[in-house]
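One-letter residues, chain by chain:
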Amino acid sequence: MTKKRKELCKDLGVNLLAIGAMIPALFPIYWLMVSALQRPEDITRIPQGLLPQSFSLYFVKKVFAEFGIGRFLFNSVFLSLTATALTLVIACLAAFSYKAYKYRLRESFSKMILFVYMFPQILIIIPIYLLMSKLNLINSWTGLILCYIAFELPICIWTMQSYFETIPADLIEAAEIDGLARVETLWHVFLPVALPGLAASGIMTFIGIWNNFLLANTLLIDEAKKTLPVIIADFSSRDSMLQGDVLAASLLVCIPSFLFALFAQKYLVGGLTSGAVKG
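These numbers were taken from a predicted model, which means no experiment stands behind them.

Attention now moves to the packing of aromatic side chains. Following the criterion strictly, the structure yields nine aromatic pairs and no others. Considering the side-chain rings of Phe96 and Phe164, the 6.5 Å spacing of their centres and the 85 degrees angle between planes classify their relative orientation as edge-to-face. Of the two residues, Phe96 is situated in helix 4 (residues 69-100) and Phe164 in helix 7 (residues 141-164); the sequence distance between them amounts to 68 residues. According to the relative accessible area criterion, Phe96 is buried, its value standing at 4%. Of the residues examined, Phe164 reaches a relative accessible area of 0% and is grouped as buried. An aromatic cluster is present here, built from Phe27, Tyr30 and Trp31 joined pairwise through their rings.

Next up on the list: the nonpolar core. Counting 42 residues, the largest nonpolar core has Leu144, Tyr148, Phe164, Phe190 and Leu215 as the members making the most contacts within it. At the level of elements, helix 4, helix 6 (121-134), helix 7, helix 8 (170-177), helix 9 (182-193), helix 10 (195-210) and helix 11 (214-219) are the ones that each hand at least two residues to this core. Examining the composition of this core, we find that 12 residues originate from one element, helix 7, more than from any other. Setting aside anything within four residues of it in sequence, one finds Tyr148 in contact with Leu79, Ala83, Ile209, Asn212, Leu215, Ala216 and Thr227. If you look at the next biggest cluster of nonpolar residues, it comprises 23 residues, including Ile43, Ala248, Ala249 and Leu251.

Below, the discussion takes up the packing of helix 4 against helix 12 (residues 228-235). For any two helices packed against each other, one specifies the crossing angle of their axes together with the interaxial distance. It is the contact of helix 4 with helix 12, at a shortest axis distance of 8 Å, that shows an interaxial angle of 145 degrees. Between helix 4, through Ile69, Phe72, Leu73 and Ser76, and helix 12, the contact on the second element is made entirely by Leu228, Pro229, Ile231 and Phe235. Residue classes in the contact of helix 4 with helix 12 are distributed as seven nonpolar, one polar and no charged.

Quick look at unusual backbone geometry now. Backbone geometry at Asn136 places phi at a positive 60 degrees, although glycine is not the residue there. Mapped onto the fold, Asn136 is located in the loop between helix 6 and helix 7. Using a relative accessible area of 67% as the deciding quantity, one classes Asn136 as exposed. For Asn139, which is not glycine, the phi dihedral falls at a positive 60 degrees. Looking at Asn139, the relative accessible area reads 14%, which means it is buried.

Turning our attention to the confidence of the model for the chain. Of the residues in the chain, 91% have a pLDDT of 70 or more, and the chain-wide mean is 82. Mean pLDDT in the chain bottoms out at helix 14 (residues 265-274), which sits at 57, and peaks at helix 11, which reaches 93. Contacts from residues 275-279, a stretch scored under 50 in pLDDT, to residues over four places away or in other chains number seven contacts.

The rules behind these values
- Residues numbered from 1 in each chain as written.
- Predicted model: local features only at pLDDT ≥ 70, side-chain atom pairs only at ≥ 80, totals over all residues.
- Heavy atoms only, no water.
- Phe/Tyr/Trp six-rings, centres within 6.5 Å; stacked < 30°, edge-to-face > 60°.
- Helix = DSSP H or I, 4+ residues; strand = E, 2+ residues; numbered from the N terminus.
- Buried < 20%, exposed > 50% of the residue type's maximum accessible area, 1.4 Å probe, protein only.
- Core = buried A, V, L, I, M, F, W, Y, C linked by side-chain atoms within 4.5 Å.
- Contact = heavy atoms within 4.5 Å.
- Axes fitted to C-alpha atoms, helices over the stretch in contact; angles between N-to-C directions.
- Nonpolar A, V, L, I, M, F, W, Y, C, P; charged D, E, K, R; others polar.
- pLDDT = per-residue confidence, 0-100.

Shown next as structure tokens:
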């Protein structure tokens, strides 16, 4: 066997292995799309085929018209974007302080960031509920946003800190010579250079907040304030909803995070790989 043929067989084997690994991950998404976009008579047909029998927006229109899914979609978008923006602001300031200032416990602070992130939400959800109750923030978007920020901030700080480490510290001194304050240095010097890392942090933070079920389900009581993942769980227990209704609503949950990651994919890859090594 020639060297060229060996390389061809190796590439073919790697591609087949990659396809085989992708099928279990992508098949549930495919089945969700196929099932949510069928007619009512086709989704209840037994047995179900792998290929769709029809294409219809019946269930998508139904969850908007009959169940008001648009209101909960707005809730999720507003909460996710607001919490993501605030998290990025705080994370950038914290990561930049680690780079620009010399203070005690700086190394300990850096290590404690990921230690805090290791705690599962389910372990501390009761103390969180009691704390929010003491602050009168139960059934409040403000309380929910604060909790979103608290849980997503550690990984966001760690990502931005790793990326800021790749930027030469000499830029801070050069900016001071030019008369820039530290905050202006962050805004005019570091953030333009760290844009890929900022985008990567924003994507991970947005997706984490968007998919969060436990906090929203615990802290929100009024149905009008609930987020899309919570309301879908409520929908699934209603006798008036068909399987297609739940699947159509579930499909709507996947679309924003998918589009968000798709359009910022190059920043996500660049931000994660650039922050992986020090310059």
